[in-house]
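# Structural overview for review
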Amino acid sequence: MRIPPPNSLISAQFTQNITDLRQSISQTAEEATTGRYSDLAAHLSGRVGTAMLSQKAVDDIAFQREKLSYREGRLDVTQQSLKAVHDRASGLDVSMRSALGTGDLLYQGTVARDAEAALADVFSALNVRFGERYLFAGDATATQPLPSAEDLLTDMRAMADAATTPGDFATALDTYFNTPGGGWQQTIYQGTPGSSDPDAVTAADPALTELISGLAILAISNPVNSPALIAQNPDITDLAAARITSGLSSVTNVRADRGVMQEQLQVQKEALDVEETIFTNAFNALTARDQYEAASALKDLEAALEASYLLTSRLSSLSLLNFLR
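Residues numbered from 1 in each chain as written. Predicted model: local features only at pLDDT ≥ 70, side-chain atom pairs only at ≥ 80, totals over all residues. Heavy atoms only, no water.

All right, on to the pattern of salt bridges then. Under the definition given, this model contains 11 salt bridges. Ionic pairing is found between arginine 65 and aspartate 273, a salt bridge with its closest N-O pair at 2.7 Å. Within this pair, whereas arginine 65 is found in helix H3 (residues 48-89), its partner aspartate 273 is found in helix H11 (residues 234-287), the two being separated by 208 residues in sequence. The exposure class of aspartate 273 is partly exposed, given its relative accessible area of 37%. A salt bridge links aspartate 121 to arginine 88, with the nearest nitrogen and oxygen atoms 2.7 Å apart. A residue pair is termed long-range when its members are at least 10 positions apart, and aspartate 121 in helix H5 (residues 105-126) and arginine 88 in helix H3 qualify at 33 residues. Taking relative accessible area as the criterion, aspartate 121 reaches 39% and is therefore assigned partly exposed. A single salt-bridge network, built from bridges that share partners, covers Arg74, Arg133 and Asp197. (Salt bridge = Lys/Arg side-chain N within 4 Å of Asp/Glu carboxyl O. Helix = DSSP H or I, 4+ residues; strand = E, 2+ residues; numbered from the N terminus. Buried < 20%, exposed > 50% of the residue type's maximum accessible area, 1.4 Å probe, protein only.)

Tracing the backbone through its elements, the reader meets arginine 71 in helix H3. For arginine 71, the contacting residues outside a window of four places in its chain are Asp199, Leu265 and Gln268. (Contact = heavy atoms within 4.5 Å.)

Once that is clear, we can look at the nonpolar core. Counting 53 residues, the largest nonpolar core has Leu152, Met156, Phe169 and Trp184 as the members making the most contacts within it. Per-element accounting of this core gives the leading share, nine residues, to helix H9 (residues 206-219). Setting aside its immediate chain neighbours within four residues, leucine 152 contacts Leu119, Phe123, Tyr176, Phe177, Trp184, Ile188, Ile212 and Ala216. Formed by six residues, the second largest nonpolar core is a distinct cluster that contains Leu68, Leu75, Leu265 and Leu272. (Core = buried A, V, L, I, M, F, W, Y, C linked by side-chain atoms within 4.5 Å.)

Here the focus is the packing of helix H6 (residues 149-162) against H9. Viewed as axis vectors pointing N to C, H6 and H9 meet at an angle of 70°, and their least axial separation amounts to 10 Å. Taken together, the axes of H6 and H9 lie roughly perpendicular to each other. From H6, Leu152, Leu153 and Met156 reach across to H9, where they touch Ile212, Ser213, Ala216, Ile217 and Ala219. Per-class residue counts for the contact of H6 with H9 are seven nonpolar, one polar and no charged. (Axes fitted to C-alpha atoms, helices over the stretch in contact; angles between N-to-C directions. Parallel < 35°, antiparallel > 145°, perpendicular 65-115°, else oblique. Nonpolar A, V, L, I, M, F, W, Y, C, P; charged D, E, K, R; others polar.)

Taking 1.5 Å per residue as the helical rise, helix H7 (residues 166-178) with its 13 residues ought to reach 18 Å, and the 18 Å between its terminal C-alpha atoms agrees with that figure. Among the residues of H7, those classed as buried are Phe169, Leu173, Tyr176 and Phe177. All buried residues of H7 lie within an arc of 80° about the axis, which places them on one face of the element. (Expected span 1.5 Å × (residues − 1). Arc of directions from axis to C-beta.)

So, about helix H4 (residues 92-102). Quick reminder: α-helices carry 3.6 residues per turn. Residues three or four places apart thus point the same way. Of all the residues in H4, the buried ones are Leu92, Asp93, Ser95, Met96 and Ala99. The buried residues of H4 occupy one face: seen down the axis, they fall within an arc of 165°. Away from its buried face by more than 90 degrees, H4 exposes Val94, Gly101 and Thr102.

Right under this line is the structure:
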């Protein structure tokens, strides 16, 4: 049997030591960088389950915060759109009543044109999207809720031409905007009447339809080209201004409701922050590695590796002849 020389056995042992040192250096370097033990199973032993539960709680909180942030973003955009609707229609009711009160047909025409432009802007604001989702379309989030405002004005002129009395027009108007089979939900609004999302506001919301109907009547009340029924009955235009006043108040209430939701979201996010701090501290207590300690250990390991390399090098050149010299 061939017996290996002693220096070969020692060299093999040093080689194994060098391999172990390099592995330890790699792990310690990672720990010095991340502040975590690289081999949690070995470090934690029987406490692995506790640490994993803490980590899962932290991950769940991050997921919940992401959902809350998404809701927060939708509510922010919804609020901005409702504010744009409110601001664009604000003042037109007062202006039209002033024009009617003084009998100023020129001013009445100016307000009517402004109402028409405001109606187009309101439609644009209600067609807003958050990502790929239309916010005012109810559950039909992939469908643009409103067409051109001119489509509505065409229907309004047709109703005014068909009505023989202001009462007939008021009845037709109520049917058009407030019944499922009316023109608003059949030919104009393309979303669903309601929404499964409690945060959402649809363009079929009574606050919005009241405001829109008032703007539409004002828009077709220009003395230059208004339907005969409206020209002969200024009370219709005055009632339209009242619709705008009421609609503006209702939109403010809708915005206030969403403001409460936003405040609740903020409270929930703050509660998540507290929970995250608790679970993160618990996880860190089990898994954190002092980075300064790890850096110091890394230096010691590197020094040991360098010494091992040096000894291996000297051992490789060791022979009886060199010893006798």
